[in-house]
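What the coordinates show
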Amino acid sequence: GQNIDQPTEMTATEGAIVQINCTYQTSGFNGLFWYQQHAGEAPTFLSYNVLDGLEEKGRFSSFLSRSKGYSYLLLKELQMKDSASYLCAVLHGSSNTGKLIFGQGTTLQVKP
Amino acid sequence: DAGVIQSPRHEVTEMGQEVTLRCKPISGHNSLFWYRQTMMRGLELLIYFNNNVPIDDSGMPEDRFSAKMPNASFSTLKIQPSEPRDSAVYFCASSPARAIAGVRYEQYFGPGTRLTVT
């Protein structure tokens, strides 16, 4: 079966750093995605990890440990516009294509 | 590129009526996905197609739901008859095939259809 866990809510202060964790148990793992979703909008791609380690992309970084079934999204220099839901998703499938299994999402509130 | 296009953006219907949601994927993308999002259950995959062929429909709730992809540029999700518990935001997403070298496999989401069944 598939199981993806992430905290439901987090609060942080503008300018600070926040780390959103995601743990997963799944078969047929082919990578892990992070998506951002603002209220009332569609999810948008943030990052993709398939190998262990840290991927940095501006203020956002994502880390993966396949052996531990663990990932985190690190947001630096938080801005008010970073208030959103952050979805961890595992790419499942071994064929030419595959499907994303999403976690419930972490709602991040950035306060002044 | 216009991105993934969905219509209608909002749909309000009465219980028992048929609902048809439409999606146009990004040109050149081989895979198309239908999701449903609710507060209680989060984002759930309903069905996905690869090269217009349904690959996995294990997420389709029941026989009242059906999806088709008659060609590479169009897909529909139909609910007949609709029930209040079907109220949700339905997203369509598309992605390129994984085998294409240098193309990152990510899903691009449409704006969604907010369905309310009264």
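Residues numbered from 1 in each chain as written. Chains lettered and ligands numbered in written order. Predicted model: local features only at pLDDT ≥ 70, side-chain atom pairs only at ≥ 80, totals over all residues. Heavy atoms only, no water.

Next up on the list: the state of the cysteines. One pass over the full model with this rule turns up two disulfides over all chains. Across the disulfide, Cys22 of chain A is cross-linked to Cys88 of chain A (sulfur-sulfur distance 2.0 Å). Of note, the bridge from Cys22 of chain A to Cys88 of chain A carries an S-S torsion of about -65° and is left-handed in sense. Of this pair, Cys22 of chain A sits in strand 3 (residues 18-25) while Cys88 of chain A sits in strand 9 (residues 84-92); the two residues are 66 residues apart in sequence, bridging distant segments of the chain. Accessibility expressed as a relative area gives 0% for Cys88 of chain A, which makes it buried. There is a disulfide in this structure between Cys23 of chain B and Cys92 of chain B, and the S-S distance comes to 1.9 Å. Taking the sign of the torsion about the S-S bond as the criterion, the disulfide between Cys23 of chain B and Cys92 of chain B, at about -70°, is left-handed. You can see Cys23 of chain B sitting in strand 3 (residues 19-24) and its partner Cys92 of chain B sitting in strand 9 (residues 88-95), a full 69 residues away along the chain. On the basis of relative accessibility, which here comes to 0%, the residue Cys92 of chain B falls in the buried class. (Disulfide = S-S within 2.5 Å. Helix = DSSP H or I, 4+ residues; strand = E, 2+ residues; numbered from the N terminus. Buried < 20%, exposed > 50% of the residue type's maximum accessible area, 1.4 Å probe, protein only.)

Another aspect to go through is the pattern of salt bridges. The final tally for this structure, using the stated rule, is eleven salt bridges over all chains. Its salt-bridge partner being Lys99 of chain A, residue Asp56 of chain B comes within 2.4 Å of it at the nearest N-O pair. Of this pair, Asp56 of chain B sits in strand 6 (residues 53-56) while Lys99 of chain A sits in strand 10 (residues 99-102), each in a different chain. Among the charged side chains, a salt-bridge network with shared partners connects Glu62, Arg64, Glu83, Arg85 and Asp86 of chain B. (Salt bridge = Lys/Arg side-chain N within 4 Å of Asp/Glu carboxyl O.)

All names here are of chain B. Strand order in the open sheet formed by four strands is 1-3-8-7, and the pairing between neighbours is antiparallel. Every other strand in the sheet has two partners, leaving strand 1 (5-7) and strand 7 (65-71) as the edge strands with one partner each. Averaged over neighbouring strand pairs, the angle between their axes works out to 15° when direction is ignored. (Pairing = 2+ DSSP bridges. Axes fitted to C-alpha atoms, helices over the stretch in contact; angles between N-to-C directions.)

It is worth spelling out the sheet that holds strand 1 (residues 3-5) of chain A at this point. Think of a sheet as strands paired side by side through backbone hydrogen bonds, with each pair either parallel or antiparallel. Residues and elements named next belong to chain A. Across the sheet, five strands lie side by side as 1-3-8-7-6; this open sheet has antiparallel pairing. The open sheet terminates on both sides in strands that have one partner only, identified here as strand 1 and strand 6 (53-57). If you compare each strand with its neighbour and ignore which way they point, the axes differ by 15° on average. Of the pairings in the sheet, the one linking strand 7 (residues 60-65) to strand 8 (residues 70-75) comprises six bridges and is antiparallel in character. Residue pairing across strands places Ser65 opposite Tyr70, the latter belonging to strand 8.

Another aspect to go through is unusual backbone geometry. The omega angle of the peptide bond from Ser7 of chain B to Pro8 of chain B is -10°, so this bond is cis rather than trans. Mapped onto the elements, Pro8 of chain B comes out in the loop between strand 1 and strand 2 (10-13). In this structure, Glu77 of chain A is a non-glycine residue whose phi angle is positive, near 45°. Its place among the elements puts Glu77 of chain A in the loop between strand 8 and strand 9. Its identity as a non-glycine residue notwithstanding, Asn51 of chain B has a phi of 50°, on the positive side. Looking at the secondary structure, you find Asn51 of chain B in the loop between strand 5 (42-50) and strand 6.

Quite often, the size of an interface is put as the accessible area lost when its parts meet. Across the contact, 24 residues belong to chain B and 20 residues belong to chain A. When chain B packs against chain A, close to 1,900 Å² is buried across both sides, 52% of that on carbon and sulfur atoms. In this structure, the connection of chain B to chain A is made through one salt bridge. Our count for the chain B to chain A interface comes out at five residue pairs in polar contact (both at pLDDT 80 or more). Taken together, the elements giving at least two residues each to the side of chain B that touches chain A come down to strand 4 (31-38) and strand 5 of chain B. For the side of chain B that touches chain A, the element with the most residues is strand 5 of chain B, which contributes five residues. Broken down by class, the residue content of the side of chain B that touches chain A amounts to twelve nonpolar, seven polar and five charged. (Contact = heavy atoms within 4.5 Å. Buried area = accessible area lost by both parts, 1.4 Å probe. Polar contact = N/O pair within 3.5 Å; in protein donor to acceptor, adjacent residues only side chain to side chain. Nonpolar A, V, L, I, M, F, W, Y, C, P; charged D, E, K, R; others polar.)

Attention now moves to the environment of Leu75 of chain A. All names here are of chain A. Along the chain, Leu75 turns up in strand 8. Note on Leu75: relative accessible area 0%, which makes it buried. Here the alpha-carbon distance between Leu75 and Phe60, two residues 15 residues apart in the chain, equals 4.8 Å. Those residues in contact with Leu75 that sit more than four places away from it in its chain are Ala16, Ile17, Val18, Ile20, Arg59, Phe60, Asp82, Tyr86 and Leu108.

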